[in-house]
Amino acid sequence: MAELELLVALNMIPYLGPVRIRGLLNCFNTYSDFMNATRERLLSVPEVTPKICDIILEFRKKVNPFDEIERIQKLGAKIITIEDEEYPRLLAEIYDPPVVLYVLGEASVLNMESIAIVGTRKPTSYGQKIAEQIAGELAEFNINVVSGMARGIDSFAHKGALKAGGPTTAVLGCGIDVVYPPENHELMKKIIKNGCVITSFPANSKPLPSNFPARNRIISGMTRGTLVVEAAEKSGSLITADFALEQGRDVFAVPGSVFSPYSRGTHKLIKQGAKLVECANDILEELNLRKNDSAEIKEPELTFEESEVLDMIDYTPVNIEFIVQKTKKPPGEINAVITRLQLKNMITLLPGGYVMKI
Amino acid sequence: MLASLKSCAIYGIESLIVDVEVYISNGLPAFEIVGLPDTAVRESRERVRAAIKNQDFDFPIKRITLNLAPADIKKEGPHFDLPIALGILAATERVPVNALQGYSIVGELSLDGKVRPVNGILPMAIEVKQKGLKGIVVPLENAEEAAVIKGIDVIGVKNLKEAVEFFNGKYKPGKITPDIDAAKAADFEGDFSEVKGQEVLKRALEIAASGHHNLIMVGSPGSGKTMIAKRIPTILPSMTFEESLELTKIYSIAGLLAGKSSLIKTRPFRAPHHGITPVGLVGGGRIPRPGEISLAHHGVLFLDELPEFSKEILELLREPLEEGKITISRMNATVTYPASFMLVAAMNPCPCGYFQDPFHECSCPPHKVHSYLSKISGPLLDRIDMQVGVLPVVFSDLEKVNSTDSATIRKRVELARNIQLERYKGENIFYNSQLTPAMINKYCKLGKAEKLLMKEAFEKLKLSARAHNKILKVARTIADLDQSENIKEIHLAEALQFRNLDKYFQYLKV
């Protein structure tokens, strides 16, 4: 069992990944032992090349794990190591698990059944809706919804889970004391209250682009499966899906319109064999978790005009102008009917003047 | 050797009578103009000297002193040439001094003595009538413009000689009848029927025109925002005589009265580019000139790509949007130009234009969209009642034959405006858009069912508080278009659709 200080120190040295750290841990057990190690001794570790050795020698003096631990405690956070009970079991199974995790919030959720929901930072209203909905459904089954707290789908997944009162975990690509993106300040507070925020990066780390693949590896690694809601052809969410496959986890994808550029990525995944997901049940089934028959929603009563207009609206965006022309009714009347349908929760108005069924 | 006659000076969009006094005395030959002349007035010495000689009159080789009274107001422009020349000729007894009485004289001279047209004739003619003068002597090209004002003699002259002969009783000018009715409101460029499809947008514009609501169109590139905006003046009610007189005054001063047209009958449509300077927009300059907002008086000011305009420019619009006029303070003077216009703005939802478009990928990073949308400040947005989403034309639209034309819509707009004028008699406002919060309580009463709808809408559609009054104002206009005394549920339901820009802001908050 290695000392906490040693693990924290190793985690703080740049260019040392989980695999090299594991190699070093085979030779060193205590912090002082590591600090006093000569160049020759360090080089005797098979994972350490001369170049890495120079980096270790340079940085081991600069990093101060005692300060770091104290600072984390002051923040109300804690550090869990790979040997701790609270460390996510599934994550420990992957090839390169981080040796330490910084946790803010309720660490016990980390070992609940977890599903990751990821997607584009610029979702369509459809993607926002479905991410929120599925996250909510999963939360109702007491499944921990894991995501990256990024803009877009990630935020909606967290929100959906929180709305349903379920647990949720955000995996950051920066230090635990950094809020990124800044507008998610409030969301982060809520997540900490109902679940937890974790990261493998030392305090004060900036959200560098290179951090995110490492973050994505944790998201997919700590969950049974990863659901991609919307992803353009080249999207970071697809990296998460790739990690999930490498780690032997399931990949799920939500289909979209074939015309929507934001569904290209998810369709590609489905073509490659990812399971098509319409609702949370599709995921639960695959993972042999509990099943549930969702209650039918009662249809509200509609007037003749309302149902006439509703018939013309689909689950893909429809131009209001198109409805006016098809019904040959004055646009004023159509607008009024659309407001009523909106209030009856049958349709949603999209920016720009499209409507869509919900 | 003293002569005095009258001319006019321009101040803002008004004119005032100026006395031109000439005194010729013995002494060293000199020619001095006093009474705050600007450069153009001072230079008239050279033009007048040449013109008098080239028209075969004698220029006195004496000491000439010329005074423009009142002496404390700056005199600008070249239109003092003709009165100065006539004054000199009167002082040398080539023109009978008595004959000049009761006439105001304006005109620029060329070196050979021809009279050139000048700007601002209409306000001058109005002033001449108000001051009870007999008539006005103007360049022939400007005669029709001046003749719009009834009850004064308008004498158009081609050259200096003609003016001299007129005052000597040798020249009788023909009567000038202005073509007031020639320019009928019907000859617009373009018509709503040429815009195929877009019935939803046309309806929105009809409502905006009826209640004089400012409107913003939001939509992807190529959806026809500019094309349709250009045709808005065609659905506005035709101008009253007073309105067109006021507008013509502005154009007269700006020197934009094209050719001979005497009165502007069509409502203006001004679409300044977003590179416009503050002075170009609101007016001003060393010699104050009305800006685009005044040229759009009683008409439409169209600002395409609204967020591309600088913040400074957009903030300048706040005063005229509120007051219907703009006051410009300069070192020499403070002038007020009328600027009561309907603001129609268009914008893309983001720099690339496809933010939240279901069929195109938006290439803008989120913070760019945010900074783009937030260029439209809250106070400006507060003055815009309607936000309309504009969609690209569906292909099948283009084949459609029947499309509502402007004349039909204009009739409905006129009807709705008359209802408003009737209702707001004695309230000091004319249109629904001008309703103050207190008046909204008075004129936009809601029944029980309507109140319920409003409450439900606010909860479910996440409307902002500032949207509340605007929805009521727009609903009032829709009810007026329907000739309904009370705002009904259907009117309110329709009014709730004109909050499209807010939608984008909602998506941004994520």
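Everything below is about the structure printed above this text.
What comes next is a walk through the structure. (Residues numbered from 1 in each chain as written. Chains lettered and ligands numbered in written order. Predicted model: local features only at pLDDT ≥ 70, side-chain atom pairs only at ≥ 80, totals over all residues.)

With that settled, the discussion passes to the overall build of chain B. The helix and strand tally for chain B stands at 23 helices and 18 strands. Going through the 510 residues of chain B one by one, you find that 49% of them count as buried. By sequence separation, contacts in chain B at least 24 residues apart represent 75% of the contacts at least 6 residues apart. (Helix = DSSP H or I, 4+ residues; strand = E, 2+ residues; numbered from the N terminus. Buried ≥ 20, exposed ≤ 12 C-beta atoms within 10 Å, placed from the backbone. Contact = placed C-beta atoms within 7 Å.)

In terms of regular secondary structure, chain A is built from 17 helices and twelve strands. In chain A, 69% of the contacts between residues at least 6 apart in sequence involve partners at least 24 apart.

Bringing the sheet that holds strand E14 (residues 300-303) of chain B into the picture now. All names here are of chain B. Read from one edge to the other, the open sheet built from five strands follows the order E11-E14-E17-E10-E18, with strand pairing classed as parallel. Each end of this open sheet is capped by a strand with a single partner; those strands are strand E11 (269-270) and strand E18 (386-390). Two elements, strand E10 (residues 215-219) and strand E17 (residues 342-347), share four bridges in a ladder whose sense is parallel. Across the sheet, residue Met 217 finds its bridge partner in E17, namely Ala 346. Contacting E10 and E18, helix H8 (residues 199-211) runs over the sheet at an angle of about 165° to E18. (Pairing = 2+ DSSP bridges. Axes fitted to C-alpha atoms, helices over the stretch in contact; angles between N-to-C directions.)

The next subject is the packing of helix H8 (residues 125-140) of chain A against helix H9 (residues 153-163) of chain A. All names here are of chain A. The contact between H8 and H9 brings their axes to 7 Å, and the two run at 40°. Classified by the interaxial angle, the pair formed by H8 and H9 is oblique. Helix-helix and strand crossings are classified by hand; for H8 and H9 the assignment is right-handed. Across the interface between the two elements, Gly 127, Gln 128, Ala 131, Glu 132, Gln 133, Ala 135, Gly 136, Leu 138 and Ala 139 of H8 pack against Ile 153, Phe 156, Ala 157, Lys 159, Gly 160, Ala 161 and Lys 163 of H9. Class assignment for the residues of the contact of H8 with H9 results in eight nonpolar, five polar and three charged. (Parallel < 35°, antiparallel > 145°, perpendicular 65-115°, else oblique. Left-handed = near helix turned anticlockwise from the far one by under 90°. Nonpolar A, V, L, I, M, F, W, Y, C, P; charged D, E, K, R; others polar.)

To continue, consider the sheet that holds strand E11 (residues 347-350) of chain A. All names here are of chain A. Taken in spatial order, the three strands line up as E10-E12-E11 in an open sheet, and their pairing is antiparallel. Every other strand in the sheet has two partners, leaving strand E10 (318-319) and E11 as the edge strands with one partner each. Here two bridges tie E10 to strand E12 (residues 354-357), and the two strands are oriented antiparallel to one another. Pairing of Val 318 across the sheet is with Val 355, part of E12. On the sheet, helix H17 (residues 331-343) packs against E11 and E12 and is oriented at approximately 120° with respect to E11.

Before going further, it helps to examine the pairing of strand E6 (residues 196-199) of chain A. For a regular strand, the rule is simple: side chains alternate between the two faces of the sheet. Residue and element names in this part refer to chain A. Covered by surrounding structure in E6 are Cys 196 and Ile 198 together with Val 197 and Thr 199, the residues of both alternating faces. Both strand E2 (residues 100-105) and E6 contribute to a ladder of four bridges, which runs antiparallel. Looking across to E6, one finds that Val 103 is bridged to Ile 198. Two strands pair when backbone bridges link them, and strand E5 (residues 168-171) and E6 are joined in this way by three bridges, in the parallel orientation. Among the inter-strand pairings, Ala 170 is bridged to a residue of E6, identified as Val 197. Read from E5 through helix H10 (residues 185-194) to E6, the crossover connection turns out right-handed. (Right-handed = clockwise from strand over helix to strand, strands pointing away.)

Below, the discussion takes up H8 of chain B. Here H8 of chain B contains 13 residues, and its C-alpha end-to-end distance of 19 Å stays within 8% of the 18 Å for a straight helix at 1.5 Å per residue. A positive phi of about 55° marks His 212 of chain B, the residue just after H8 of chain B. (Expected span 1.5 Å × (residues − 1).)

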